Amino acid sequence: MLTILRRELNSYFTSAIGYIYLAVFYFFSGYFFQSVISINSTDLSSVFLSLFLVLMFIVPILTMRLMSEDMKLRTDQLLLTAPLSLSGLVYGKFLAALTLFAAGTGITLIYAVVLSAFQVMEWTVIVGNILGLLLLGAALISIGLFISSLTENQVIAAVGGFAVMLMLMIMDAIAGSVPVAFLSELLYKISFMTRYAPFTTGILNLSNVLYFLSVAVIFNFLTVRVLEKKRWS
Amino acid sequence: MIEVKNLTKRYGSTAAVDDISFNLSEGEILGFLGPNGAGKSTTMNILTGYLSSTSGTVTVNGYDILENPQEAKRCIGYLPEQPPLYLDMTVKSYLDFVFDLKQAKLPRHAHIQEVCQLVGISHVYKRMIKHLSKGYRQRVGLAQALIGNPKVLVLDEPTVGLDPGQIIEIRNMIKALSSRHTIILSSHILSEIQATCDRIIIINQGKLVADDKAENLSKKFSDDHSLALRTEGPVPEIKTALQALPGVQSVRFDGEVSPGEVVFSLSAEEGTDIRKDVFHLMVEKNWPILEMKSRELTLEEIFLKLTSSDQTSLPAPEETEQTTEKGGDMPC
C-alpha cells in the first residue's frame, strides 16, 4: 500500500496535475481569505464554506487518472499480478490523493496562524473546519476514484466526476423541489452540503463525521469490487 | 512447479480457453504457440492471476492462484504482451517501485543493478521510460519480470519489437535463465520457440492441440520423407529419370528459381534412403546437383497443419529455415 501511495504521489508531481491542483486550490482559498481580511474579520468559516464549491470542481482532476491510467497503460497487469491485495491497491491510491488534498488544505492552517497574530483564534473551530474539509475530501476522492475505475479514459473519468460532484452540489436544490416529503427529507439527509455546513460553523457532529467516513469506505469498497469483477468477467 | 488442470475461461458463450491441462517441472522452458486469438495471452493472464478462470485450477509452486494468490504471485515474474510501464518514471524509479511492489527480500541496489546488466539497460538507467525506444521498453519490461528472482517466469512474446541482434541476445538470455527459473513463453515467431524451448504446447481456438518436445513433434508429423533437389538441365527428362528410380514415390517440379536452375521435390517410400541413387543418376546424366536436402516438417508446417481448419492443405515450406540436423545439406 505504501509503495502505491509513494508512486502515485511522485506521479502527481512528475506530471503537472499535482502542481495545477495545488495552484488552483491555493488561488481560490487565497482569494476567499483576502475577502475575509478585507472586511477586517478573523472568521474563517466563509473560507471553508466557499472551498466546498471549489472542491467539487478540482477533486475530479485529482482522481481522474488514478485507476483509468493503469487500465490504459496496462500497468494494471503489473499491479494485479504482484503480491498485493486489491484493497491495498485501492487504499494506496486513495491515500495518495488524500495526501495531496491535505497538502492543499494545509494552507488554511497558515491563514489561521497569520490571523492569530492579530487576534486570539478559536483553534477548536479551525481544527473542526480542517477536519470537516478533510472528511469531505476523503468522501469526494473515493467517489472520484470509483468513477475512475469504471473507465480507461481519463476524460470520461473527469467528466463523470464533474457530473456526480455537480449533482452532489445541487442536492439541496433537488431536495427542495422534490414533492414527495420522505424523498426530499432523504435527499437532505444525504446532501453533502447539509453534512458539511455544520463543520464550518464549529459544530462537530459525530454523525456527520461518520457519514463522510462511511461514504469513503463504501466507495473504496465498490472500487475493489469493480477491480474484482474485471477479473471474473 | 506449475500445474494446470482443466482450465477453462468463457466470455459469454465463447470459450477463450477450453479445458487445457499441463504440468511443468522445475527448470523447464515451455513454449506456447498458437495463431492470434488462440488463447495464449488469456492462459498466461490466468496463470499469473490477472484473470480468473471459469473453471479449472492453476497451482504455482504448490500454491493455488485463487486460494493463495499472494504466495503464488510471489513466485511469478510476468511480462505481459504490452510491457506494463509507467511512462512518466525513470527506469531506476520504476524498477525500485517494482522491487517494493514485489516485496523482494534481496539487497536492493545490487539486485537491480544485476538485472539491468542482464537485460542490457544499465546505460539508460536514469532515463525516463517514455523516451526509450520500443526495444528498450521491452527490455525494461523483461527486467521488471526478473526483479525479485521469481521461480517462474511467464513471458508473453518477449522478443516483440527487438532487432535481430537483440532477439538472439534475449533468446540466449532466456536459455541462460532457465537454470534458475522455470519459464513459460509465448511467441508467434516459431523459430524462436524452436530455438529456446524444451517443450512446446500448441493451442488453437482455446484448445490444446499438441504438447510435446520440439523434435518429437516434427517426427510425429513428418510422415513423408522427402527431398528437395536443385539442379540444372531439361525438366521433362530429369523428371522422368527421377521417377524411374527405385523407391521414389512421386516427383514434383517446383519451378525455375534462376535461369537454368530448377527445383524438384521428391518423396520416397517410407524407410528408403534415395539420396545415393539420386546422386548416381545425376552424375551419370551430367546434371549437376546444386543443392539437395532431406526435410522434416518444420515447426511452421506442423503448426499450420494443426491449426488450419483445412488439415490437408500444407503450403510449401520456406527454404531458409529447414536445415535440420538429421538431413543436412549435401554439398556438390
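Residues take numbers from 1 onward in each chain, read along the sequence in its written order. Numbering of ligands from 1 and lettering of chains from A proceed in the order in which they are written. Where totals are concerned, whole chains, interfaces and linings use all residues; where local detail is concerned, this predicted model gives features only for residues with pLDDT of at least 70, and gives and counts side-chain atom pairs only at 80 or more.

**Regarding the overall build of chain B**
- Secondary structure counts use DSSP, requiring at least four H or I residues in a row for a helix and at least two E residues in a row for a strand, with both numbered from the N terminus. Helix and strand counts for chain B stand at 11 helices and 14 strands.
- Buried residues are those with 20 or more other C-beta atoms within 10 Å of their own C-beta, exposed residues have 12 or fewer, and partly exposed residues lie in between; C-beta atoms are placed from the backbone. Looking at chain B as a whole, 40% of its 332 residues are labelled buried.

**A word on the overall build of chain A**
- Each helix and strand in chain A was counted, giving 11 helices and 0 strands.
- Counting helices and strands in the order they occur from the N terminus, chain A gives α-α-α-α-α-α-α-α-α-α-α.
- With the C-alpha coordinates of chain A rotated into their principal frame, the extents come out at 55 × 50 × 30 Å.
- By the convention adopted here, residues are in contact when the distance between their C-beta atoms, placed from the backbone, does not exceed 7 Å. Put simply, 77% of the contacts in chain A that link residues at least 6 apart link residues at least 24 apart.

**Side note on unusual backbone geometry**
Residue and element names in this part refer to chain B.
- Here the phi dihedral of Asp19 falls at roughly 55°; this positive angle occurs in a residue that is not glycine.
- By secondary structure assignment, the location of Asp19 is in strand β2 (residues 14-24).
- Unusually for a residue other than glycine, Glu157 sits at a positive phi of about 50°.
- Note on placement: Glu157 falls in the loop between β7 (152-156) and α6 (164-177).
- A residue is classified by how many C-beta atoms lie within 10 Å of it, and Glu157, with 21 of them, is buried.

**Regarding the nonpolar core**
- Counting residues in hydrophobic clusters, the biggest one holds 128 residues, and the most contacted among them are Ala97, Leu136, Ala139 and Ile141 of chain A together with Tyr94, Ala143 and Val154 of chain B.
- The element contributing the most residues to this core is helix α6 (residues 123-150) of chain A, with 13 residues.
- The residues touching Ala97 of chain A, leaving out its near neighbours within four places in the chain, are Leu62, Thr63, Leu66 and Ile141 of chain A.
- By definition, a nonpolar core groups buried Ala, Val, Leu, Ile, Met, Phe, Trp, Tyr and Cys residues that connect through C-beta atoms lying within 7 Å of each other. Listed in part, the 13 residues of the second largest apolar core include Leu227, Ile238, Phe264 and Val278 of chain B.

**Focus on the pairing of β2 of chain B**
All names here are of chain B.
- In this structure, strand β1 (residues 2-11) lies alongside β2, joined through 7 bridges in antiparallel fashion. The residue bridging Lys9 from the neighbouring strand is Val17, located in β2.
- Think of it this way: DSSP has to see at least two bridges between two strands before they count as a pair. The turn joining β1 and β2, which pair antiparallel and follow one another in sequence, is formed by 2 residues; a positive phi near 65° is taken by Gly12.

**Observations regarding the sheet that holds β1 of chain B**
Residues and elements named next belong to chain B.
- Read from one edge to the other, the open sheet built from 4 strands follows the order β2-β1-β4-β5, with strand pairing classed as antiparallel. Here the strands that pair on one side only, and so sit at the sheet edges, are β2 and β5 (63-64).
- Strands in contact with helix α1 (residues 40-47) are β1, β2 and β4 (55-60); relative to β2, the strand with the most contacts, it is inclined by about 60°. As a rule, the C-alpha atoms of each element are fitted with a line to give its axis, helices using only the stretch in contact, and angles between N-to-C directions run from 0 to 180 degrees.

**Some details on the sheet that holds strand β8 (residues 182-186) of chain B**
All names here are of chain B.
- Reading across from one edge, β6-β7-β8-β3-β9-β10 is the order of the 6 strands in this open sheet, with mixed pairing throughout. Here the strands that pair on one side only, and so sit at the sheet edges, are β6 (76-79) and β10 (207-213). This sheet shows a mean twist of 15° between the axes of neighbouring strands, independent of strand direction.
- Alignment of β6 against β7, held across 4 bridges, turns out to be parallel. Residue Ile76 lies in a different strand from β7, and its bridge partner there is Val152.
- Most of the contacts of α1 go to β7, to which it runs at about 150°, and overall it touches β3 (29-33), β7, β8 and β9 (199-204).
- Of the strands in this sheet, β6 and β7 are in contact with helix α5 (residues 134-146), which crosses β6 at around 165°.

**Some words on the interface of chain B and chain A**
- Contacts between the two partners involve 23 residues from chain B, matched on the other side by 17 residues from chain A.
- Contributing elements (two or more residues each) for the side of chain B that touches chain A: α2 (69-74), β6 and α3 (91-101) of chain B.
- For the side of chain B that touches chain A, the per-class residue count stands at 11 nonpolar, 7 polar and 5 charged. Basically, the charged four are Asp, Glu, Lys and Arg, the nonpolar ten are Ala, Val, Leu, Ile, Met, Phe, Trp, Tyr, Cys and Pro, and anything else, Gly included, counts as polar.

**Overview of the domain arrangement of chain B**
- How far each domain reaches was decided by an automatic or database domain assignment. Partitioning chain B into structural domains gives domain 1 (2-219) and domain 2 (223-307).
- Of note, the centres of domain 1 of chain B and domain 2 of chain B, computed from C-alpha atoms alone, are 42 Å apart.

**Considering the packing of helix α3 (residues 45-73) of chain A against helix α7 (residues 154-169) of chain A**
Residues and elements named next belong to chain A.
- One can describe the packing of α3 onto α7 by two numbers: an axis separation of 8 Å at closest approach and a directional angle of 145°. The two elements α3 and α7 meet at a crossing, and its hand is right-handed. Of the residues in α7, those touching α3 at Leu53, Met56, Val59, Pro60, Ile61, Thr63, Met64, Arg65, Ser68 and Glu69 are Gln154, Ala157, Ala158, Gly161, Phe162, Met165, Leu166, Leu168 and Met169.
- Among the residues forming the contact of α3 with α7, the class breakdown is 13 nonpolar, 4 polar and 2 charged. Less than a right angle of anticlockwise turn of the near helix away from the far helix marks a crossing as left-handed, whereas a clockwise turn marks it as right-handed.

**Observations regarding the packing of helix α4 (residues 108-119) of chain B against α5 of chain B**
Residue and element names in this part refer to chain B.
- Put simply, α4 and α5 touch, their axes get as near as 9 Å, and they point 140° apart. The orientation of α4 relative to α5 falls into the category oblique. α4 and α5 meet at a crossing whose hand is right-handed. Judged by residue contacts, Val115, Cys116, Leu118 and Val119 of α4 engage Arg139, Leu142, Ala143 and Leu146 from α5.
- Looking at the contact of α4 with α5, its residues break down into 7 nonpolar, no polar and 1 charged. By definition in this entry, angles of less than 35 degrees are roughly parallel, angles greater than 145 are roughly antiparallel, angles of 65 to 115 are roughly perpendicular, and the rest are oblique.

**Here's the deal with the confidence of the model for chain B**
All names here are of chain B.
- Averaged over every residue, the pLDDT of chain B is 83; residues scoring 70 or more account for 89%.
- The secondary structure element of chain B with the lowest average pLDDT is helix α8 (residues 214-221), at 69, and the one with the highest is α3, at 94.
- Taken as a whole, residues 310-332 scores under 50 in pLDDT and shows 31 contacts with residues more than four places along the chain or in a different chain.
- Among the prediction metrics, the complex's ipTM stands at 0.88, with pTM recorded as 0.82. The predictor rates its confidence in each residue with pLDDT, a number between 0 and 100.

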